[in-house]
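Chain residues, written in single-letter form:
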Amino acid sequence: QVHLVESGGGLVPAGGSLRLSCAASGRTFSNYVVGWFRQAPGKEGEFVAQINWIGRNTYLYYADFVKGRFTISGDNAKNTVYLQMNSLRPEDTAVYYCAADSKGGRRPNDYAYWGQGTQVTVSS
């Protein structure tokens, strides 16, 4: 069992930055694939980024619409995964969720454990 708690959301102007955190308790993050998803009002949840660790290697994946703007990273000592979001746009406005699973993937159904979400609002 993994318990996830997101934080760091807020209201920022277009072009601004936020760093979201996803803290895990219960199990070591390095044993899981951790993903960030987002859901805007009236829209389905969509994949944002994913991180996983195999041995000494870290693997990062991003949705095309965030490449070059968002960075996912992890601190295994703190059992926390971050999503640094730069050059934010109004269309990035959504509730952002972190999720964990032993296998992971790019679909919400690929993940067994979810946080409660944190609201990100980007004003124009």
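Preceding this paragraph is the structure being described.
This section reports on the structure supplied with the text.

What counts as what
- Residues numbered from 1 in each chain as written.
- Predicted model: local features only at pLDDT ≥ 70, side-chain atom pairs only at ≥ 80, totals over all residues.
- Heavy atoms only, no water.
- Helix = DSSP H or I, 4+ residues; strand = E, 2+ residues; numbered from the N terminus.
- Contact = heavy atoms within 4.5 Å.
- Core = buried A, V, L, I, M, F, W, Y, C linked by side-chain atoms within 4.5 Å.
- Buried < 20%, exposed > 50% of the residue type's maximum accessible area, 1.4 Å probe, protein only.
- Polar contact = N/O pair within 3.5 Å; in protein donor to acceptor, adjacent residues only side chain to side chain.
- Pairing = 2+ DSSP bridges.
- Axes fitted to C-alpha atoms, helices over the stretch in contact; angles between N-to-C directions.

Bringing the environment of A63 into the picture now. Tracing the backbone through its elements, the reader meets A63 in the loop between β6 (57–62) and β7 (70–75). Setting aside anything within four residues of it in sequence, one finds A63 in contact with F47 and V48.

Before going further, it helps to examine the nonpolar core. Nonpolar side chains tend toward joint burial in soluble globular proteins. In this structure, F29, W36, L83, M85 and Y96 are the most contacted members of the largest nonpolar core, which totals 36 residues. Of all the secondary-structure elements, those providing two or more residues to this core are β3 (18–25), β4 (33–39), β5 (46–54), β7, β8 (80–85), β9 (94–101) and β11 (118–123). Excluding residues that lie within four positions of it along the chain, M85 makes contacts with G16, S17, L18, L20, R69, F70, Y96 and V120.

Our next topic: the side chain of D92. Structurally, D92 is set in the loop between β8 and β9. Among the polar contacts made by the side chain of D92, one reaches the side chain of R69 at a distance of 2.7 Å. If we skip the residues at most four places from it in the chain, D92 touches R38, R69, F70, S87, V120 and V122.

Although it is not a glycine, N79 sits at a positive phi angle of roughly 50°. One can find N79 in the loop between β7 and β8.

Here we come to the sheet that holds β8. Strand order across the open sheet formed by four strands is β1-β3-β8-β7, with antiparallel pairing between neighbours. Only two strands of the sheet have a single neighbouring strand rather than two, namely β1 (3–7) and β7. The average undirected angle you get between the axes of adjacent strands in this sheet is 15°. For β1 and β3, the ladder comprises five bridges, and the chain directions are antiparallel. Across the sheet, the residue bridging to E6 is C22, located in β3.

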